[in-house]
Structure formats: structure tokens, C-alpha cells
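# Descriptive structure summary
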Amino acid sequence: MYKRLDRNDICWCGSGKKYKSCHAAFDDKIIGFEHQGILVPSRKLLKTEKDIEGIKKSAVINMAVLDEVGDKIRAGMSTQEIDDIVNDVTSKMGGIPADLGYQGFPKSVCTSINEEVCHGIPSEDIILKEGDIINVDCSTILDGYFSDSSRMFCIGEVSPEKKRLVDVTRECMEAGIKAVIPWTQIGDMGHAVHQHALDNGYTVVKEIGGHGCGNEFHEEPYVSHVSKPGTGMLMVPGMVFTIEPMVNMGTDEIFIDEENDWTVYTADLKPSAQWEVEVLVTETGCEILCH
Ligand code: MF3
Ligand code: CO
């Protein structure tokens, strides 16, 4: 249950102001939605100004890493070289790659090529070739704050089919960004993502989605990109989460590599694409913190 403070208490948000002249009305609005039976965020999911500054600084590193990867990526390069770039740029800028050692993940970034949906593990033995599409999913920790984003890269000339998948997947993410409207539900957002994929003849992975992010790598809520309108957590200003749809050319079914227990593939081995942004819900929509 979302609880009010006493009106003369100091507000929970860190402003130093009295509750009644700070977040009292805001909290009443949240409680109103809760009374309608809608799932609302706990207070710890609502970022303070200090949290947001911290996440933004972390994101500066994450975006610089992906920019550098974008400058260097080419056919003939191993995915280990991408991991090396991530380590170099992140450490030079004072950050820590969040992926490294996360639940035992062995590398500093996820590199997922063609039919790999996500969680591909960089290796000296995996060489990029002309016509590949690759997702590079990077996450950074700076001063305890987490940033998380991923981008697709086309290696040389790719087939028109793959190019369209990459472009439409980006549009799916953008449809999600547009659908981040405060005081509506996150299921509305996920539905907008899914609908755009369906309209283009694609499917969206159900089992893996976005997540709250910032003070921890993965926070509540789970962000589905296959959801029904009028479901899921209320989107409240101050929440930070990722939008990161995995869009498949064929079936939405997936399986996990039995040897490494990480890499996710499409069941039909047709290509998959993914883009990821980290957004802050604002009073009017959202602000992209990391892309
Ligand atoms: N960066 C991924 C995400 O978007 C998580 C990768 S976890 C790892 O949530 F362990 F595989 F690196
Ligand atoms: Co993420």
C-alpha cells in the first residue's frame, strides 16, 4: 500500500520541503489510482533529482562506448574486439561494465548476431561478416548508478529483409517511447510496441523484456513488449525503465544455448533485432536518458 506522510513531515523526495507543500498532492493522485485497483510503483522506484543526475552521468559513458563501437565495427572484426572497446572506453571514463560477472555473465557486453535474440557472448572465434546484423547491448555502472542501452549495426551491405527488420524494430522502440504517457499503464506502452511489429508482419519475444533501471541494474517493473492496454504498473513521473523490444522475422519462439546457458536464439533460426533505450517518465511524456 502506498502511504501518505504526515502533512508537516519533511517530504520523502529529498527536497527538504514540508510534505504538504511538496509531494502530498502527487501521492494522493497515486493513491487514487491504487484505489481503482491499478498497480502503482513503490516509492523507491521514483527517482530523486540526485538519482537522475547520477544515471545521466553513467549514461554519458554508456553512449560514448556505443558511439565508439559504431565507429570501429566492421566485417572481419571479432566480437571479442567489441568487448575490448567496451572495457577500454568504460574504464578510461571511470565506469564499470555492468554485464561483467552479472549472474555469472563472462564478458562486458552482449553481442547478438542474426538469429541470436540476445545475450550473445563475445569471443575471439566469432568474426563479423558482410551481411550480418548485430545487436550490441551495453550497460554501465558509475557511482552506483546504472545505464543500459543497445543498438543494431549492419555489417556492410545487408539484405533488404534484414535492413527492414532493423528499421522496423527501431520504429517499435520509438512507438514505445511515444506511448510513455504519465498516469497511463505500462501495458498500454507495450501494446503499442507489439502492434507496430504485428502491422509489419513480425513477432515480438514474450519471455524477455525491459525493466526498471537506475539504482540497480534490473528493478521493477518488468516491461513487457507484448501486453494488453489497461494492464501493468502505472507510469508515474520519476520512474526510470528500459524499452527494449526483441523483434523476430519469423516465430516468436526462442531457445537458450545449452552449452553456455546464456545465448538466446529464435526457434526457427530466422533473424531477430533489438534496440534499447532507458527513459525517465516526466509530467508530459518521457526523457531519453540513455540510447
Ligand atoms: N543489458 C541487458 C538488458 O538489457 C542485460 C544483460 S545481462 C548479461 O537488460 F548478463 F547478459 F549481461
Ligand atoms: Co536492459
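Just above, that's the structure.
What comes next concerns the included structure. (Residues numbered from 1 in each chain as written. Chains lettered and ligands numbered in written order. Predicted model: local features only at pLDDT ≥ 70, side-chain atom pairs only at ≥ 80, totals over all residues. Heavy atoms only, no water.)

## Observations concerning the overall build of the chain
Condition: Secondary structure counts use DSSP, requiring at least four H or I residues in a row for a helix and at least two E residues in a row for a strand, with both numbered from the N terminus. With the radius of gyration taken over C-alpha atoms, the globule rule is written as 2.2 Å times the number of residues to the power 0.38. Think of it in three bands: with a 1.4 Å probe and only protein chains considered, a residue is buried below 20% of the maximum accessible area for its type, exposed above 50%, and partly exposed in between. Contacts are assigned to residue pairs with any non-hydrogen atoms lying within 4.5 Å of each other. For every accessible area listed, the method is Shrake-Rupley and the probe measures 1.4 Å; residues are considered covered only by the protein chains on display. Under the convention used here, Asp and Glu are negative, Lys and Arg are positive, and both His and the chain ends fall outside the count. Charge placement uses NZ in Lys and CZ in Arg. For Asp and Glu, CG and CD serve respectively.
Along the chain, the regular secondary structure elements total five helices and 15 strands. Computed over C-alpha atoms, the radius of gyration of the chain comes to 20 Å, within 12% of the 19 Å expected from 2.2 N^0.38 for 291 residues, which places it in the range of a compact globule. Referenced to the eigenvectors of the C-alpha coordinate spread, the extents of the chain come out at roughly 65 × 45 × 30 Å. Per-residue burial for the chain yields a buried fraction of 56% across its 291 residues. Pairs at least 24 apart in sequence give 68% of the contacts found in the chain among residues at least 6 apart. When the accessible area of the chain is evaluated, it comes to approximately 12800 Å², of which 52% is carbon and sulfur surface. Here the chain contributes 27 positively and 48 negatively charged side chains, and the mean placements of these two sets differ by 9 Å.

## Notes on the nonpolar core
Worth spelling out the cut-off: For this analysis, a nonpolar core means a set of buried residues of the types Ala, Val, Leu, Ile, Met, Phe, Trp, Tyr and Cys, connected via side-chain atoms within 4.5 Å.
Ile30, Met189, Val236, Phe241 and Ile243 are the most contacted members of the largest nonpolar core, which totals 41 residues. The set of elements that each furnish at least two residues to this core consists of helix H1 (24-35), helix H4 (160-178), helix H5 (186-199), strand S9 (240-243) and strand S14 (277-281). For this core, the element with the highest residue contribution is H4, accounting for six residues. Residue contacts for Ile243: discarding those within four places in its chain leaves Met173, Gly176, Ile177, Val180, Met189, Val193, His225, Trp275, Glu276, Val277 and Val279. Among the nonpolar cores identified, the runner-up in size contains 19 residues, and Leu128, Val136, Cys138 and Leu142 belong to it.

## Describing the sheet that holds strand S6 (residues 203-204)
In sheet architecture, strand pairing relies on hydrogen bonds along the backbone and comes in two forms, parallel and antiparallel. Which entries qualify depends on this criterion: Strand pairing is assigned whenever DSSP identifies at least 2 bridges connecting the two strands.
In space, the three strands of this open sheet follow the order S6-S10-S13, with antiparallel pairing throughout. At either margin of the open sheet sits one strand with a lone partner, and together these are S6 and strand S13 (272-274). Here S6 pairs with strand S10 (residues 246-248) via two bridges, running antiparallel. Across the sheet, residue Thr203 finds its bridge partner in S10, namely Asn248.

## Topic: the site of ligand 1
This is how the line gets drawn: Residues are classed as near a molecule or strand on a simple rule: at least one heavy atom within 4 Å of it. Identification of polar contacts relies on pairs of N or O atoms within 3.5 Å, with a donor-acceptor requirement for protein atoms, meaning one able to donate a hydrogen and the other able to accept it, and with residues adjacent in sequence counted only if both atoms are side-chain atoms. Residues are grouped as follows: nonpolar covers Ala, Val, Leu, Ile, Met, Phe, Trp, Tyr, Cys and Pro; charged covers Asp, Glu, Lys and Arg; every other residue, Gly included, is treated as polar.
If you check the shell around ligand 1, you find 14 residues, and the closest are Asp99, Asp137, His211, His218 and Glu244. Take Asp137: an N or O atom from its side chain is 3.0 Å from a nitrogen atom of ligand 1. In the model, an oxygen atom of ligand 1 is placed 2.8 Å from a nitrogen or oxygen of the Glu244 side chain. By residue class, the composition of the shell around ligand 1 is five nonpolar, four polar and five charged.

## Points about the pattern of salt bridges
Threshold: Salt bridge, as used here, is a side-chain nitrogen of Lys or Arg placed within 4 Å of a carboxyl oxygen of Asp or Glu.
What the rule picks out here adds up to 11 salt bridges. With a closest N to O distance of 3.0 Å, Arg43 and Asp27 form a salt bridge. Highlighted residues: Arg43 in the loop between H1 and helix H2 (49-72) and Asp27 in helix H1, separated in sequence by 16 residues. In this structure Asp27 comes out as buried when scored by relative accessible area, which is 0%.

## Notes on the sheet that holds strand S12 (residues 264-266)
Basically, it comes down to this: All axes here are fitted lines through C-alpha atoms, helices being fitted over the stretch that makes contact, and every angle between N-to-C directions spans 0 to 180 degrees.
Pairing within the open sheet is antiparallel, and its three strands lie in the order S3-S12-S11. The outermost strands of the open sheet, each flanked by one partner alone, are strand S3 (116-118) and strand S11 (254-256). Sheet twist, expressed as the mean angle between neighbouring strand axes with direction ignored, is 40°.

## So, H4
Counted only if it meets this: Each helix should span, by expectation, one fewer than its residue count multiplied by 1.5 Å.
Here H4 contains 19 residues, and its C-alpha end-to-end distance of 27 Å stays within 8% of the 27 Å for a straight helix at 1.5 Å per residue. When H4 is considered as a whole, its buried residues turn out to be Lys162, Leu165, Val166, Val168, Thr169, Cys172, Met173, Ala175, Gly176 and Ile177.

## With respect to the state of the cysteines
The test is simple: We call a pair of cysteine sulfur atoms a disulfide when they lie within 2.5 Å.
Inspection of every chain in the model, using the stated rule, returns zero disulfides. Looking at the unpaired Cys154, the closest cysteine sulfur is the one in Cys172, lying at 15 Å. Here Cys154 falls in the partly exposed class, since its relative accessible area comes to 32%.

## Regarding the environment of Ala24
With respect to the helices and strands, Ala24 occurs in helix H1. Through-space distance from the C-alpha of Ala24 to that of Cys11 is 8.2 Å; in sequence the pair is 13 residues apart. Aside from chain neighbours lying at most four places away, what touches Ala24 is Arg7 and Tyr19.

## Observations regarding the coordination of the cobalt ion (ligand 2)
Just so we agree on the cut-off: Metal donors were taken as nitrogen, oxygen and sulfur atoms no farther than 2.8 Å from the ion, or 3.2 Å where the ion is Na, K or Ca. Water is excluded, so coordination may look unfinished. Here a site with four donors is tetrahedral if all angles are between 85 and 135 degrees, and a site with four or six donors is square planar or octahedral if opposite donors are over 155 degrees apart and the other angles are between 65 and 115; anything else gets the irregular label.
Bound to the cobalt ion (ligand 2) on the protein side are Asp148 (OD), His211 (NE2), Glu244 (OE) and Glu276 (OE), at distances that span 2.1 to 2.3 Å. Coordination at the cobalt ion (ligand 2) comes from six donor atoms whose angles at the metal span 53 to 159°, giving a geometry best classed as irregular.

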